[in-house]
Amino acid sequence: QVQLVESGGGLVQPGGSLRLSCAASGSIFSINAMGWYRRAPGKQRELVATITSSGSTNYANSVKGRFTISRDNAKNTVYLQMNSLKPEDTAVYYCNAHAALTSSSWYNDYWGQGTQVTVSS
């Protein structure tokens, strides 16, 4: 199985910054895409940003120009640098990894437990 452990959430004032980290561990053969999703109170989970193993990125329109996703393939770790945070960024942020456990297995989605980000003055 794959375990994803997130860190870096917390309380920040509007306009501030936070950096989220997510490390994948376990019996992993390969990780394709990794990414961040979030769920705000009363809303469905939504994509924030994804990054492939080759470094191609994709962002939600609402975070473009403010958030940056990056990845360390050697450490199976993905990061989310969040700048110019707004109250509407308040949510639980979840890490995702699209991973295969062996060379012959399918890729499946694995999720972290979530980390709370609260943007408030």
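In this text the structure is predicted, and so the values were computed from the model without any measurement. (Residues numbered from 1 in each chain as written. Predicted model: local features only at pLDDT ≥ 70, side-chain atom pairs only at ≥ 80, totals over all residues. Heavy atoms only, no water.)

1. Looking at the overall build of the protein
Part 1: Looking only at helices and strands, the protein has 0 helices and 11 strands in total.
Part 2: For the protein, the N- to C-terminal ordering of α and β elements is β-β-β-β-β-β-β-β-β-β-β.
Part 3: Relative to the compact-globule value of 14 Å for 121 residues, the protein shows a C-alpha radius of gyration of 14 Å, a close match.
Part 4: Each principal axis of the C-alpha atoms in the protein carries an extent, and together these give about 50 × 25 × 20 Å.
Part 5: Of all 121 residues assigned to the protein, the portion counted as buried reaches 42%.
Part 6: Considering only contacts in the protein between residues 6 or more positions apart, those separated by 24 or more positions represent 55%.
Part 7: As displayed, the protein offers around 6400 Å² of accessible surface, 47% of which is attributable to carbon and sulfur atoms. (Helix = DSSP H or I, 4+ residues; strand = E, 2+ residues; numbered from the N terminus. Rg over C-alpha atoms; globule rule 2.2 N^0.38 Å. Buried < 20%, exposed > 50% of the residue type's maximum accessible area, 1.4 Å probe, protein only. Contact = heavy atoms within 4.5 Å. Areas by Shrake-Rupley, 256 points an atom, 1.4 Å probe, with all protein chains shown as cover.)

2. Details of the pairing of strand 1 (residues 2-7)
Part 1: Residues Val2, Leu4 and Glu6 point to one face of strand 1 and are all buried, whereas Gln3, Val5 and Ser7, pointing to the other face, are not buried.
Part 2: Two elements, strand 1 and strand 3 (residues 18-26), share 6 bridges in a ladder whose sense is antiparallel. When the sheet's bridge partners are listed, Ser7 is paired in strand 3 with Ser21. (Pairing = 2+ DSSP bridges.)

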